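# Working through the structure, step by step
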2 protein chains.
Amino acid sequence: MDMVTLQDIARAAGVSVATASWAINDDPKARIPQATRDRVRRVASELGYRRNALARGLARGHSDLIGFISDGVATSPFAGQVIRGAQDEAWRQGKILLIVDTGGDRKIEERAFEFMLERRVEGLVYSSWVHRRVDAPVGLAGVNAVLVNCYDRLGRLPAVVPDEVGGGLSATRLLLQAGHRRIAFINASARTPASVGRLKGYRQALSEAGVAYDPSLVIREKEADQESGYRAMREVMATGATAVFCHNDRTAMGFYDALRECGQRVPDDISVVGFDNQEVISAHLHPALTTVGLPQYDLGRLGIRALMARGDDSTNHPAAGSGGLEPQLVPCPLVVRDSIARI
Amino acid sequence: MDMVTLQDIARAAGVSVATASWAINDDPKARIPQATRDRVRRVASELGYRRNALARGLARGHSDLIGFISDGVATSPFAGQVIRGAQDEAWRQGKILLIVDTGGDRKIEERAFEFMLERRVEGLVYSSWVHRRVDAPVGLAGVNAVLVNCYDRLGRLPAVVPDEVGGGLSATRLLLQAGHRRIAFINASARTPASVGRLKGYRQALSEAGVAYDPSLVIREKEADQESGYRAMREVMATGATAVFCHNDRTAMGFYDALRECGQRVPDDISVVGFDNQEVISAHLHPALTTVGLPQYDLGRLGIRALMARGDDSTNHPAAGSGGLEPQLVPCPLVVRDSIARI
DNA sequence: GTGAAAGCGCTAACAG
DNA sequence: CTGTTAGCGCTTTCAC
């Protein structure tokens, strides 16, 4: 155990603790000669001194800790970049993340919350694995908090979410630009921000291009996974579509499978575009899948940024009057690969 | 800002801070009447009191924090369960994880290390995304630390890793039990714990079953990804193998692809078993892939357990004399699905 | 320029 | 049974 304290340093360097503190932290507004500064620091490193963040935090009144609660981001197959983005941004501001993955368990969430507050986190990010509406835990109000990849029912907390509409728009536009006019859409039937938003984008792109919206081209599948895509294939092909926009890459993967079993090929027989850019899938399908990425890293980064901005803003208002904070939309990047043919 | 302190509680409840402290923490060895306890706690909750972990940690001399440094676990597509396991176990012991994902960057690692030590973490887990040998960062020695999913060159730090040999053994045995005798193995050519271990297990199973080892059945691919499996298909089929053990699920996925393009089918034309149980792939291939799982959750859990055990053990010896701690092997569970046919 | 000293909020002897 | 008090290690105001 290295229990070298500032006192030890001060004594060894022949200065007072105050001076030692200033030297160690290189406090610019302490006017001590460079020589002293250097001497203290040298002594410190010789003795293997290390600041005690507990004591420091207690004295200064801040912890430099930011809480990050997720319902599965840390352990989900592909949302981890959110954490990376958050961490990088926090880091940049000299803060460190206290991460707890609740797995969606309210009990754990409650406890995590308690833990973080006890540790005097300077802000709290509450994030969801999948973009959705959440019931923000009671208590999140009254704390500097922001929602990431989810939004509150009442819009009382600032939120940072992917621009699903924009994503659907770019995916469909791409198909349109390649000359497609009959574009099927395998969508999830549950009303999620993703299914609603992407459909909206799809319709918007169609309308922009002067293509009439044909509801029969929209296949609704309960889940949006490999099975759905596999199952939906026949229906899609029956519509005579020359291209299909899949709700996500997993759906596209299933679609590829089914298609291949019928001896048909992407993109010759039909063009495909996915969503999510789940690399294990999209980058390795044959042919590689053109898709729309989720801006995970940016979600994390902007979440922290929003948090810190709010923190500075001492007015820290829990959302103006009406209670309708609009979520901040983060664009979804198009990832072009080989699954679209011009016609 | 809730800045209700113990003092406030004590005053409001008409007791001393000491008594308040005991009541709040429900200290069993403080002999105060239940009535007082209750009163204090009630006052505390009424006033919205919350312990200050910084002050508490400083006074008690421990932080209840455990550092978790990873080179990508948090952000990797499928290793996140390690964190979940670690977190659950830490939690069970009343500790909380301070996680930093370095992305393999030494600079960040260094800083993370510093950060954690300043925060007086009670132990440090150093984990790798992929099972490998690491150069444990200088400074890890002298701290209560354990390696997870990686091991030190010199075996000076306790390590917890998956049992690759056992995994290769069960995969191959399963094929053998289904009656296969000519079993190909698409392996990665780099000498990693995975490639070496799985091959060893494969050979061991063969030998157990009295099947001669035929080197020509082992296909070595530089990487072990979808492309490898895709590419290796021809070679595998040319050997006349009736089954193939793929180094991982991604390889199996590529193999499936290539096979289907030739109009052949799993498992009728050839049985396949993978490794990793990367669900996005294995559970959704057609037919679903029989594979060997990585014990991610357990790695995390056991890592923390080892750490805490070491911590208790005040003798905390940096590995006995010779310097050869054997890594703790965690079994890899077989996940049986539909890609094996009896012959 | 530098030091003394008063906290930060809590715990844990030690008294009573 | 309960209160007093001396720290825990550091920051920061205020004197010198």
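Residues numbered from 1 in each chain as written. Chains lettered and ligands numbered in written order. Predicted model: local features only at pLDDT ≥ 70, side-chain atom pairs only at ≥ 80, totals over all residues. Heavy atoms only, no water.

Time to look at the confidence of the model for chain A. Put simply, chain A has an average pLDDT of 92, and 95% of its residues get 70 or more. Counting contacts from residues 314-322 of chain A, a segment whose pLDDT is below 50, to residues more than four positions away or on other chains yields 7 contacts. (pLDDT = per-residue confidence, 0-100. Contact = heavy atoms within 4.5 Å.)

This brings us to the domain arrangement of chain A. If you check the domain split of chain A, you get domain 1 (6-51) and domain 2 (164-294). Placing the centre of domain 1 of chain A and that of domain 2 of chain A at their C-alpha centroids yields a distance of 63 Å. (Domains from an automatic or database assignment.)

Time to look at the relation of the copies chain B and chain A. Once chain B is rotated about the relating axis by 180° and shifted along it by 0.0 Å, it coincides with chain A to within an RMSD of 0.1 Å. The relationship between the two copies is best expressed as a two-fold rotation axis. (Least-squares fit on C-alpha atoms with pLDDT ≥ 70 in both.)

In this section: the packing of aromatic side chains. The full count for this structure, using the stated rule, is 10 aromatic pairs over all chains. Summarising the aromatic geometry, the rings of Trp91(A) and Phe115(B) are spaced 5.3 Å apart at their centres and angled 35° between planes, so their arrangement reads as tilted. Of this pair, Trp91(A) sits in helix H5 (residues 80-92) while Phe115(B) sits in helix H6 (residues 106-118), on two different chains. Considered together, Trp91(A) and Phe115(B) belong to a single accessibility category, that of buried residues. Pairing Phe185(A) with Tyr202(A) gives two aromatic rings, centres 5.1 Å apart and planes at 35°, and the pair type is tilted. You can see Phe185(A) sitting in strand S6 (residues 183-188) and its partner Tyr202(A) sitting in helix H8 (residues 193-208), a full 17 residues away along the chain. No difference in accessibility class separates Phe185(A) from Tyr202(A), as the two residues are buried. In textbook terms, an aromatic cluster arises when at least three aromatic residues are bridged by ring pairs, as seen for Phe185(A), Tyr202(A), Tyr213(A), Phe245(A) and Phe275(A). Here the basic side chain of Arg203(A) rests over the ring of Tyr213(A), its NZ or CZ set 3.7 Å away from the ring centre. Here the guanidinium or amino end of Arg198(B) rests over the ring plane of Phe275(B), the centre of that ring lying 3.6 Å away. (Phe/Tyr/Trp six-rings, centres within 6.5 Å; stacked < 30°, edge-to-face > 60°. Helix = DSSP H or I, 4+ residues; strand = E, 2+ residues; numbered from the N terminus. Buried < 20%, exposed > 50% of the residue type's maximum accessible area, 1.4 Å probe, protein only. Lys NZ or Arg CZ within 6 Å of the ring centre and 35° of its normal.)

Neighbouring DNA strand D are 25 residues; Leu6(A), Ser21(A), Tyr49(A), Arg56(A) and Pro33(B) lie closest to it. A breakdown of the atoms of DNA strand D within 4 Å of the protein gives sugar and phosphate a share of 72%. Ala55(A) places a polar main-chain atom, nitrogen or oxygen, 3.4 Å from a base nitrogen of DNA strand D. One of the backbone N or O atoms of Ser16(B) is found 2.9 Å from a phosphate oxygen in DNA strand D. Looking at the surface near DNA strand D, the elements with two or more residues in it are helix H2 (17-24) and helix H4 (53-60) of chain A together with helix H2 (17-24) and helix H4 (53-60) of chain B. When residues of the surface near DNA strand D are assigned to their parent elements, the largest contribution, 4 residues, is made by H4(A). A breakdown of the residues in the surface near DNA strand D according to their chemical character gives 13 nonpolar, 8 polar and 4 charged. (Near = heavy atom within 4 Å. Polar contact = N/O pair within 3.5 Å; in protein donor to acceptor, adjacent residues only side chain to side chain. Nonpolar A, V, L, I, M, F, W, Y, C, P; charged D, E, K, R; others polar.)

Before going further, it helps to spend a moment on the protein's contact with DNA strand C. Taken together, 24 residues form the shell around DNA strand C, and within it Pro33(A), Leu6(B), Ser21(B), Tyr49(B) and Arg56(B) come nearest. Here the atoms of DNA strand C within 4 Å of the protein split so that 75% fall in sugar or phosphate, with bases taking the remainder. Residue Ala59(A) places a main-chain N or O atom 3.3 Å away from a base oxygen belonging to DNA strand C. Within the side chain of Asn25(B), one N or O atom sits 3.1 Å away from a phosphate oxygen of DNA strand C. Secondary structure elements with two or more residues in the surface near DNA strand C: H2 and H4 of chain A together with H2 and H4 of chain B. If one sorts the elements of the surface near DNA strand C by residue count, H4(B) sits on top with 4 residues. Looking at the surface near DNA strand C residue by residue, the class counts come to 13 nonpolar, 7 polar and 4 charged.

A separate point is the sheet that holds strand S3 (residues 124-134) of chain A. All names here are of chain A. Overall, parallel pairing links the 6 strands, which are arranged S2-S1-S3-S4-S5-S11 in an open sheet. If you trace the sheet from one side to the other, it starts and ends with strand S2 (96-101) and strand S11 (328-330), each paired once. Taking the axes of each pair of neighbouring strands and ignoring which way they run, one obtains an average angle of 25° across the sheet. In terms of strand pairing, strand S5 (residues 159-162) meets S11 through 3 bridges, oriented parallel. (Pairing = 2+ DSSP bridges. Axes fitted to C-alpha atoms, helices over the stretch in contact; angles between N-to-C directions.)

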